[in-house]
Amino acid sequence: MITLYRFAPAWDVPDISPFCVKVETFLRLTKTEFVAKLGDPRKAPKGKLPYVDHDGTVIADSSAIVAHFNARLGDPLDQGLDTRDRAIAEAFRGMIEESLYFALLYERWSDPAGWRLLGPVFEGILGQAGVPSLLRGFVAERVRKKMIGILDAQGTGRHTKAEIDALAKKQVDAIADWLGGSTWFLGEAPRSIDATVYAFVQSILGAHLDSAIQAHTRGHQNLVAYVERIQAGYFVT
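One structure accompanies this document, and this report is about it. (Residues numbered from 1 in each chain as written. Predicted model: local features only at pLDDT ≥ 70, side-chain atom pairs only at ≥ 80, totals over all residues. Heavy atoms only, no water.)

1. Side note on the environment of A129
Here A129 is to be found in the loop between α4 (112–128) and α5 (133–154). Taking C-alpha positions, A129 is 7.9 Å from G39, a pair spaced 90 residues apart along the chain. (Helix = DSSP H or I, 4+ residues; strand = E, 2+ residues; numbered from the N terminus.)

Here is the structure:
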């Protein structure tokens, strides 16, 4: 039995966290059966979501989860990849998860325009988690303050919005340029990196933010088609 503890769907994304979407996508690409449950970060092993419980073994962090199932399943997606493709996949994963992610975090949690739209959605998720209605606004603001602190410590929060948008757009361009006309990110077969690429691009396109990053991403028809293919093939039942 595999249980994926995550946040919850929001807007037009499977989960408000792209890291939760990444794990779910990997499980779907590998045709691994699982059940998804609303998680509580306070009870998570590393204080964050996602994490999985696999027959009593608890694994936290999306990359550790993917590594765990690759070891158990015999690396079904990445068998046959040469060292060059593995290096490319790791470089893009790092760019997306360690840089682009913080641009998305900024536009949702720090930017006042984004927070006006995310705030009510997050309060709804808190309600699903059992937080009393009178406390949801207070808890949401506390989490927002924590996120802004993380952005400042990491460095993204010290840039202007224009600087953050410009960097994110360049990274989206790099993703689109590498994908080109291929069906999958590294060719014609799904690989582990597709779980990350899909999760983050879909999180950009599916958010109801009408942001500069979203508009720029929509301008890449190959990224839009890529997301639509994976959604239709693996998320629509």
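Anyway, onward from the coordinates.
2. Comments concerning the side chain of D78
Along the chain, D78 falls in the loop between α2 (62–73) and α3 (83–110). Notably, D78 is buried but unbridged: the nearest opposite-charge side chain belongs to R86, and the N-O separation is 4.6 Å. Non-local contacts of D78, meaning those with residues more than four positions away in its chain, are made with R86, R191 and S192. (Buried < 20%, exposed > 50% of the residue type's maximum accessible area, 1.4 Å probe, protein only. Lys, Arg positive; Asp, Glu negative; His and termini not counted. Salt bridge = Lys/Arg side-chain N within 4 Å of Asp/Glu carboxyl O. Contact = heavy atoms within 4.5 Å.)

3. Structural notes on the packing of helix α1 (residues 18–29) against α2
Look at α1 against α2: their axes get within 9 Å of each other, and the N-to-C directions meet at 10°. By the angle between their directions, the pair α1 and α2 is classed as roughly parallel. Residues F19, K22, V23, F26 and L27 of α1 touch α2, and the partners they reach there are S62, S63, I65, V66, F69 and N70. (Axes fitted to C-alpha atoms, helices over the stretch in contact; angles between N-to-C directions. Parallel < 35°, antiparallel > 145°, perpendicular 65-115°, else oblique.)

4. Looking at the environment of V23
Structurally, V23 can be placed in helix α1. In the structure, V23 is positioned 94 residues away from L117 in sequence and 25 Å away in space, judged by C-alpha atoms. Contact partners of V23, with chain neighbours within four places excluded, come to L4, P50, V52, S62 and I65.

5. Notes on the pattern of salt bridges
This model, assessed by the stated rule, comprises 11 salt bridges. Put simply, K48 and D61 hold a salt bridge, and the shortest N to O gap is 3.7 Å. Of this pair, K48 sits in the loop between β2 (35–38) and β3 (51–54) while D61 sits in the loop between β4 (57–60) and α2; the two residues are 13 residues apart in sequence, bridging distant segments of the chain. Judged by its relative accessible area of 40%, K48 falls in the partly exposed class. Put simply, E90 and R93 hold a salt bridge, and the shortest N to O gap is 2.8 Å. With E90 and R93 both in helix α3 and three residues apart, the pair spans about one turn of that helix. Each of the salt bridges in this network shares a partner with another, and the network as a whole consists of R6, D15, E24 and R28.

6. Focus on α2
For α2, with 12 residues, the first-to-last C-alpha span of 16 Å sits near the 16 Å given by 1.5 Å per residue. For α2, the full list of buried residues reads S62, I65, V66, H68, F69 and N70. (Expected span 1.5 Å × (residues − 1).)

7. Some thoughts on the packing of aromatic side chains
The full count for this structure, using the stated rule, is 11 aromatic pairs. Geometrically, the ring pair formed by Y101 and F102 is edge-to-face, given 5.1 Å between the ring centres and 65° between the ring planes. Judged by its relative accessible area of 19%, Y101 is buried. Owing to a relative accessible area of 11%, F102 belongs among the buried residues under this scheme. Considering the side-chain rings of Y101 and F200, the 6.3 Å spacing of their centres and the 85° angle between planes classify their relative orientation as edge-to-face. Of this pair, Y101 sits in helix α3 while F200 sits in helix α7 (residues 192–206), and the two are 99 residues apart along the sequence. Each member of the pair Y101 and F200 is classed as buried. (Phe/Tyr/Trp six-rings, centres within 6.5 Å; stacked < 30°, edge-to-face > 60°.)

8. Digging into the sheet that holds β3
Read from one edge of the open sheet, four strands run β2-β1-β3-β4, paired in mixed fashion. The sheet terminates laterally at β2 and β4, the two strands that pair on one side only. The mean inter-strand angle of the sheet, taken between neighbouring strand axes irrespective of direction, is 25°. One ladder, built from four bridges, connects strand β1 (residues 2–6) with β3; its direction is antiparallel. From the neighbouring strand, T3 faces β3, where its bridge partner is D53. (Pairing = 2+ DSSP bridges.)

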